[in-house]
Structures are given as structure tokens and as C-alpha cells.
Amino acid sequence: MDRIHVTVRARPLSAEDAQSSPWRISGNAVALTTQPSTRFEFDEIFSEECRTADVYGARTKHIVDSAVQGFNGTVFAYGQTNSGKTYTMRGSANEPGIIPLAVHDLFRSIQEHMDREFLVRMSYMEIYNEEINDLLVPEHRKLQIHENYERGIYVAGLREEIVTYPEQVLDFVSFGESHRHIGETNMNVYSSRSHTIFRMVIESREKADETESGDSCDAVRVSVLNLVDLAGSERAAKTGAEGVRLKEGSHINKSLMTLGTVIKKLSEGVKGQGGHVPYRDSKLTRILQPALGGNANTAIICNITLAQIHADETKSSLQFASRALRVTNCAEVNEILTDAALLKRQRKEIEELRAKLKNSQSEHWDEDVLNLRNTLLQSELEKERIALELEEERKAKEHREKRLLQQAKKIENLSSLVLNSDRDDRVVVSSKNKRRQTWCARPLSRQFDVEVPEPVEQGSARSCGERDMGMPPCFEELMQESPASNSEPSAHGCSSSDLWNEDISLPDSHALLNVTSRRKPNTKKKLVQEQLRSLVPESPQDPNEWKDAMLCQEITKPNGLSARESEAILVIKQLQDQVNLLESEKSLIQNNLDNVLELATQQKASFSEKYEELQRNALVAQEQAKTADEKLSALATIEKSKQELAYEFLSKVSMETQGIAVQMDQMTHSVDGATSFIEEFFQNHSVIAENVTELRELAYVHITRSSYVIRDHEKMSKN
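The shown structure was predicted, so the numbers you read here are calculated from the model rather than taken from an experiment.

Trainee: Residues and numbers for the pairing of strand 5 (residues 35-41), please.
Mentor: The pairing of strand 4 (residues 29-32) with strand 5 spans four bridges and is antiparallel. Bridge assignment links Ala29 to a residue of strand 5, and that residue is Glu41.

Listed below in C-alpha cells is the structure:
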């Protein structure tokens, strides 16, 4: 955002006016001595001794250079009539003005830009009584203002001449000035009665290289440079304007008043607030709309006169200039991009980015990418290993749980068996004393060994209660057996305490050695014992050791518990110890599993971050590719629409060309008629001139004769 640059130039005064001047210039400020509060400050103030080149170098030179680079620029001179505006803009033979200096600087700057090719066009127009006239083609009058997206605001029908050197431009300017409306007033002999706008359009593009044949087009920069010479505001009382001059002055004051209103609205920020700015109230403000708060670099040269008689007009001009200081513009490079130019520019940008990527740490980035890939591969392998370990741990956990369930079921079964065996023992003890025992007083001979059969397992041919007794010996042989036998008593024999309780006279202890017990063996109890032995592998396998252990348990067991109950309690305790051991192993494995899970979670988080980063990069690349596709599609659509518009434009141009050709034919006929009329007029004029010459000669002869007569008459009167 750049504001309008305002400079003030004071017109030189005569010695008498300088002594009575109420204005004082101090640096970049000008003040009214009669009113100390009336003080104005500007970017730069030039006194009467300054030269036009100094005014040009203050800001206009920069605007001209910017126009070559593609920025719009506008410079106009503002002030009252007879304040030196036209002199500042056009200059003289000894001191060139703003327009000649700008033209020479423009072509000099173009020659300095060797990498671009330029096309310069110029036009010259005036606004006279709110009508636009073409000064290069005087018959083009009352032109209209149009606006479109490509050209912006322009004057239709205005002739533009292609120029290549400064002298050609200045010749066109001189030709236009000869057709400008100029009049005489009481304040100025050559008073400008119209606003003039000298416009130069600069187009440029990059030069094509020899290696680039069909792919050498680029964006075209189009900038407009306006140099405006405004007519001066005036008062009819001072200028003595009447009739046509009064009408001209009223239109000039109206357009300048609209310009002041626009500047005031812009300085108050009405445009930024969405308010209305009356650009269309005047042709001048409408044409200069881009320069007033738009896309242009703008400078105002305020011309004033410090004479006492013009103090009010000078104050009004300074107030206008001070308000213009607060107006801001937004100048941008104006480019026309074709599809080929846009593609070339994007291709060039892509190549530059690739070169930057290659030059700036490309090897380091390759190493980083390779390290990331290796890290990602290691993380995947570690992840698979952890997954396998977790699967093995899960299987081991399931196996342990299964074993615990089996142990629990066995404990329940043993508990139920212990309860059932206790009940069976009580039944057996109660019925044991009532059973009959078969015995013999004489000991059995040692040559016969009675074997106690083992209980038959399930699935065998014999039943559970059958046993092989064999053939018993004769009773006489038993009686003759030596009583000194050392055989062990039967395992199923009754104890002596039981016999004493029934008051039965017992035989000798040696006589009971070979007594056959008819009790059926308790296979259920033996089965329970075998299950207990299978559950407790650490118990002694030797029967004698087992009996010793059971004897110790019987000694240490509390009163009221049978051998089976104590045995079951021992087995339960051992099972509980094993369960506790398994629980401790389970807790240890669970801790290890938690540690492994925590490590896996951390690694997974780091892998997720890396994966997200790579995914973000991929998304960015996809978005860039998508944006490029959208741009290409948009360019294709724009190219198609431009082709259609070009076709329509060409058709319209052809129709207009045909109409112009018809008009040219008509004009040719009219010109021929006018030529013949002019020839006849010249012939008549020559005849009239001859007649006038004859009349002159006759008049001269008549005058000579009259003088002679007068002389004779005077002589006669004297005589």
C-alpha cells in the first residue's frame, strides 16, 4: 500500500507581488503569515527558483521506471489558472517539461532491459466541456468510456500510435497540442480550456532464446502511464469570461469539484468502508479511477502562486493537495497470462525447485531416508517377533489355566472320594466284628504259601470280588504245623483288641498265620490310593517307605482322623503348594508379558509417528499434484473460453470492418464531392481576386484623379 505522492511548485512572482505575498515556505511546509494556524506540509515543496528537472526527479522518474517494469503510473498537475501547470507538463525549448523528460527516460529504461522485448503505444486526448476528443485524430469527437475485464477502463475509438523513439512521440504531442482548445482570458493569454491526458501503453515480454523455438512465449506485462495536464480552476469575476468562455469555465470547475470530492471521500476511507465514491460524476475522474485509490503509482504536482490577490485560490489548492496525501493506492504488476505462458512459468518453477533440492543437502536427505527405511524394517521385524512371543505366552497361559482347571477338578474328586471312603470305613468297622473268622489251631506248613490275590482291574475277565484261593491243605496237616512259624499275620486279620471286645477266646497267635480271610478286597480304596500316588509323584515308591511315612503321619495327625483322611489332607496340601508355585510362575510371566507389551507399545507409538509423518508427506504431495491437475483443467477451460471469445471478437471485427468499408466508400464519395466543391470555390475565388484587383486599380485611378481635381480646386481657390 503506497499513498499518493504530493509535491508543490510555486510560480515565480514579480518584485511587487513578492513583497506583498502572505505565504512563507519553510522546508517542506508552507504557511499563511496572516493565519499562523494555516500550515500545510507535503512530501516536497519547490520554490520559484527550482527547475522542472528537479520536480521530475522527485517522484515522476520513479513512476516512469516502474511503468517499464509493469506498474501503472499517473502524474497530473493541479492548480488554479495561470499557475504554471502547462509549463510544468510541456516545458519550453530551453527547459523541457515533465512529458518530454518522461518520454526520453522511458525509452532509455527500455534499452537497459535487454532481456525483454517491448511494444509502446501512445494516445492523446482532451476533455472539453465534458466531451472526449482525440487530439491525434481531430475528427474523432464525443468518444465514449467503456470497461471490461481485460482492458479495464478505456476510451472506445481512441487512436493509439505505435512509437519506437522519443522524437516520434514528441512530434505526435506537438500535433495534438495544435488541436487543443486554448482561449484568452483576463488572467492568461493562452489559457487551457480543456483537460489533456497523454497516455503511453507499455507491453513487454521476455525475449525468446535461440534454442527455444515454439515454446518461448511468456507472460505479457501491460502497464499504462498517464501524464495529465488539468485545466485551472477560475473565477468568472477575475477572468472576465463571457459566453463560450463562461461555459468552458463552468465545465472545468465542475470536473475539478468532482475530483476534489473523490479525493475527499478516499482520504476519509469511505471506499474501505463500502461507501460510494462518485467516480462516474465526471469523465475526468472516471478515466483516472485506477489512479485514484486503485492499481497505480500516483503523483500530484500542485502548482500555486503566492501572490496576495490569489490567496484564496492558493489555499483551496493546498487543501486539495493535503487531502490527497491521505489517499492510498495498491500498485501491482499487470500481467496477461496465456495457457502456454502459465505452463512455461510452472515448468520453470519446478526446475528451479528441483535444482534447489539437488543443491541443498541432497545426500544428507538420502541418508536420512535410508535410515528411516532401515528403522522401519527393523521395527516391522521387532513387531513380528513380539507378536510371536505374545502368541507363545498366550498359548502357555492357556495351557497353565487348563492344568489349573484339571488340578481343581482332581481336588474336587479327591475330596468327594475321601468323604465316601470315610463313610465306607465306618460301615466296614461296624460290620467287621460280626463276621466269622475261619482259623485253625495248628500252624500251616511252610511249604504251602497262601497268596492274597490283588484286586482285578477294570476291563478284565474276572469281576471285582473274585479271587484265586487255590486248594487249601488238609485239616490234619494244619494241626501238625509247627507252632514256631515266623510268618506275618494276615493283612486283613482282626486285631486282638477287637476279639477281646467280643469276649471270644482267641487261639495262639501262631495259629492265625494261615487263616483265610473271606472279606472281599476294597478295590475302590486301592483305586483312590493309586490316584493319590499318581497325583503326588514326589511320594516314596517303596511300600516300606510309604508305610513309614504313613506311620509318621498317624503319629503326628490329630485325634479323630483316619489314615485316608490324613493322606488326602497331605495330598491336598501338596496340590496347594503346586498351585501356589504355579501362581507365582504365572505372576512372573505376567510381569514379563507386561514389560514386553509396554516395550511393544512404545515401539508402536514411535512407528506410528514415523508412519504418520510419511503419510503427511504423501498427502502433501497428493494435494500438490491435485492442485496442479486443477490448474491444468482450469487452464484448459480458460483456453477454450478464450478461443470462443476470440472467435466471437473476430466475427464482430469482421462485421465492423465491413461497416467501416461501407462508410469509407461513402466518405470517399463525400470527399470527392467536397474536393470538387473546393476546386470550384478556388476557381471562383481566383475570379473574385481578379475582379478585386481590377477594382483596386480602378479605385487607384479614381483616387488619383480625385487628388488631381482637389489640387486644381485648391489652386483655383487660392488665386
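Trainee: I'd like a rundown of helix 2 (residues 52-68), residues and numbers included.
Mentor: Along its length, helix 2 reaches its greatest deviation from straightness, about 55°, at Ala58. Restricting attention to buried positions, one finds in helix 2 the residues Thr52, Val55, Tyr56, Arg59, Thr60, Ile63, Val64, Ser66, Ala67 and Val68. With its phi angle positive at about 110°, Gly70 sits one or two positions after the end of helix 2.

Trainee: How would you summarise the sheet that holds strand 5 if you had to cite specific residues and measurements?
Mentor: The strands that make up a sheet are held in pairs by hydrogen bonds between backbone atoms, and each pair lies either parallel or antiparallel. Spatial strand order, 3-4-5: three strands in an open sheet with antiparallel pairing. Because the sheet does not close on itself, it has two edges, and the strands there are strand 3 (23-26) and strand 5. Strand-to-strand, the axes of this sheet are offset by a mean angle of 25°, without reference to chain direction. In the packing of helix 9 (residues 311-324) onto the sheet, contacts are made with strand 3, strand 4 and strand 5, and the angle to strand 5 comes to roughly 45°.

Trainee: I'd like a rundown of the pattern of salt bridges, residues and numbers included.
Mentor: Oppositely charged side chains are able to pair whenever their charged atoms sit close together. The final tally for this structure, using the stated rule, is 20 salt bridges. The salt bridge partner of Glu203 is Arg121, with a shortest N-O separation of 2.5 Å. With Glu203 in strand 15 (residues 195-206) and Arg121 in strand 8 (residues 116-128), this pair connects stretches of sequence that are 82 residues apart. Given the relative accessible area of 22%, Glu203 is considered partly exposed. Across the salt bridge formed by Glu161 and Arg159, the nearest N and O atoms sit 2.5 Å from each other. When its relative accessible area of 16% is taken as the criterion, Glu161 is described as buried. Residues joined in a network through salt bridges with shared partners are Lys61, Asp105, Arg108 and Glu112.

Trainee: A description of unusual backbone geometry should follow, citing residues and the corresponding values.
Mentor: Although it is not a glycine, Glu130 adopts a positive phi angle of roughly 60°. Relative to the elements of secondary structure, Glu130 occurs in the loop between strand 8 and strand 9 (131-134). Positioned with a positive phi, Lys142 is a non-glycine residue whose angle comes to about 55°. Position of Lys142 among the secondary structure elements: in the loop between strand 9 and strand 10 (145-148).

Trainee: Can you explain the side chain of Thr52? Please cite residues and give values.
Mentor: In this fold, Thr52 is placed in helix 2. Given a relative accessible area of 0%, Thr52 falls into the buried group. A distance of 3.2 Å separates a polar atom in the side chain of Thr52 from a polar atom in the side chain of Arg9. Apart from residues no more than four positions distant in its own chain, Thr52 is found in contact with Arg9, Tyr87, Thr88, Glu95, Pro96, Gly97, Ile98 and Leu101.

Trainee: I'd like a rundown of a nonpolar patch on the surface, residues and numbers included.
Mentor: Side chains of Ile182, Val189 and Tyr190 sit close together on the surface and give an oily, nonpolar patch of about 340 Å² of accessible area. On the secondary structure map, Val189 appears in the loop between strand 13 (182-183) and strand 14 (191-192).

Trainee: If you had to explain the environment of Leu135 to someone new, which residues and values would you point to?
Mentor: Its place among the elements puts Leu135 in the loop between strand 9 and strand 10. In this structure, the C-alpha to C-alpha distance between Leu135 and Tyr124, residues eleven residues apart in sequence, is 5.6 Å. Excluding residues within four positions of it along the chain, Leu135 makes contact with Tyr124, Met125, Glu126, Phe175, Gly176, His179, Arg180 and Thr196.

Trainee: Run through the confidence of the model for the protein chain, naming residues and quoting values.
Mentor: With 76% of its residues at a pLDDT of at least 70, the protein chain reaches an overall mean of 76. Contacts of residues 481-517 to residues separated by more than four positions or lying in other chains number 43 contacts, the stretch itself having pLDDT below 50. A low-confidence stretch, residues 535-559 (pLDDT under 50), is modelled with 20 contacts involving residues beyond four sequence positions or located in other chains.

Trainee: Can you tell me about the nonpolar core, naming the residues and giving the values?
Mentor: If you look at the biggest cluster of nonpolar residues, it comprises 45 residues, and the most contacted ones within it are Phe42, Leu259 and Leu292. With six residues, helix 7 (residues 244-267) is the single largest residue contributor to this core. Ile98, Ile110, Ala299 and Ile301 belong to the second-largest nonpolar core, a separate cluster that totals 33 residues.

Trainee: Please provide a residue-by-residue account of the packing of aromatic side chains, values included.
Mentor: Following the criterion strictly, the structure yields three aromatic pairs and no others. On the basis of an interplanar angle of 20° and a centroid distance of 6.5 Å, the ring pair of Phe40 and Phe42 is categorised as stacked. A single burial state applies to Phe40 and to Phe42, both of which are buried. Residues Tyr124 and Phe198 carry aromatic rings whose centres are separated by 5.9 Å and whose planes lie at 85° to one another, so their mutual orientation is edge-to-face. Here Tyr124, found in strand 8, pairs with Phe198, found in strand 15; they are 74 residues apart in sequence, far enough to count as distant. Here Tyr124 and Phe198 have matching classes, each one buried.

Parameters at a glance
- Residues numbered from 1 in each chain as written.
- Predicted model: local features only at pLDDT ≥ 70, side-chain atom pairs only at ≥ 80, totals over all residues.
- Heavy atoms only, no water.
- Pairing = 2+ DSSP bridges.
- Helix = DSSP H or I, 4+ residues; strand = E, 2+ residues; numbered from the N terminus.
- Bend = angle between axes of the 7 residues up to and from the residue.
- Buried < 20%, exposed > 50% of the residue type's maximum accessible area, 1.4 Å probe, protein only.
- Axes fitted to C-alpha atoms, helices over the stretch in contact; angles between N-to-C directions.
- Contact = heavy atoms within 4.5 Å.
- Salt bridge = Lys/Arg side-chain N within 4 Å of Asp/Glu carboxyl O.
- Polar contact = N/O pair within 3.5 Å; in protein donor to acceptor, adjacent residues only side chain to side chain.
- Patch = residues over 30% accessible without salt bridge, like charges linked within 9 Å, V, L, I, M, F, W, Y side chains within 5 Å.
- Areas by Shrake-Rupley, 256 points an atom, 1.4 Å probe, with all protein chains shown as cover.
- pLDDT = per-residue confidence, 0-100.
- Core = buried A, V, L, I, M, F, W, Y, C linked by side-chain atoms within 4.5 Å.
- Phe/Tyr/Trp six-rings, centres within 6.5 Å; stacked < 30°, edge-to-face > 60°.

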